[in-house]
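Each chain, letter by letter, is given below.
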Amino acid sequence: MKQTQIKDKIMAYTQNRNPIPKTGCGRRRIEQMGNPFKKISASCKAQAKKKFKVWPSAYASGWGVRCTRGDFKK
């Protein structure tokens, strides 16, 4: 199955069976989540490499993702 088919099935299930799914521990609903497979932009990746000693690392990757989302100024 392709990822789009899987996502469509999940969306259909949550909308038909459980229109307001319970979310706990700060989890986002599927409708609110963006595309989870976006790549880190080149400029943010370069900035993360300058800022952190080790690339790839969890801290550097997380910082790059947040930068790509627009949480930081580029």
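Our subject is the structure listed above.
Below or above, wherever it landed, is the structure these notes cover. Here the structure is a predicted model, which is why all the values come from computation and not from measurement. (Residues numbered from 1 in each chain as written. Predicted model: local features only at pLDDT ≥ 70, side-chain atom pairs only at ≥ 80, totals over all residues. Heavy atoms only, no water.)

Attention shifts here to the overall build of the protein chain. For the protein chain, the helix and strand inventory stands at three helices and zero strands. Order of helices (α) and strands (β) in the protein chain, N terminus to C terminus: α-α-α. Out of the 74 residues in the protein chain, the part that is buried amounts to 12%. For the protein chain, the accessible area works out to roughly 6,600 Å², and carbon and sulfur atoms hold 54% of it. (Helix = DSSP H or I, 4+ residues; strand = E, 2+ residues; numbered from the N terminus. Buried < 20%, exposed > 50% of the residue type's maximum accessible area, 1.4 Å probe, protein only. Areas by Shrake-Rupley, 256 points an atom, 1.4 Å probe, with all protein chains shown as cover.)

A word on helix α3 (residues 58-69). Its 12 residues place the ends of α3 16 Å apart at the C-alpha level, agreeing with the 16 Å of an ideal helix rising 1.5 Å per residue. Regarding α3, the residues found buried are A60, W63, G64 and C67. Summarising the axial view, the buried residues of α3 lie within an arc of 100°, below the 170-degree limit, and thus occupy one face. Exposed residues on α3 whose side chains face more than 90 degrees from its buried face are A58 and R69. As for α3, its buried residues are in contact with α2 (42-51). Of the residues trailing α3, G70 is marked for its positive phi of about 105°. (Expected span 1.5 Å × (residues − 1). Arc of directions from axis to C-beta. Contact = heavy atoms within 4.5 Å.)

What you tend to see is this: most non-glycine residues have negative phi, and most peptide bonds are trans. The amide bond that connects W55 to the next residue, P56, takes the cis arrangement and shows omega of -5°. Positionally, P56 belongs in the loop between α2 and α3.

Attention now moves to the environment of K45. Here K45 shows up in helix α2. A C-alpha to C-alpha distance of 8.7 Å links K45 and T68, two positions 23 residues apart in sequence. Setting aside residues up to four positions removed in sequence, K45 forms contacts with I40 and W55.

Taken as a whole and assessed by the stated rule, the structure comprises two salt bridges. Notably, a salt bridge pairs R66 with D71, separated by 3.5 Å at the nearest N-O pair. Since its relative accessible area comes to 39%, R66 is described here as partly exposed. Here D71 makes a salt bridge to R69, at a shortest N to O gap of 2.9 Å. On the basis of relative accessible area, D71 is assigned to the partly exposed category, the value being 41%. Each of R66, R69 and D71 takes part in one network of salt bridges that share partners. (Salt bridge = Lys/Arg side-chain N within 4 Å of Asp/Glu carboxyl O.)

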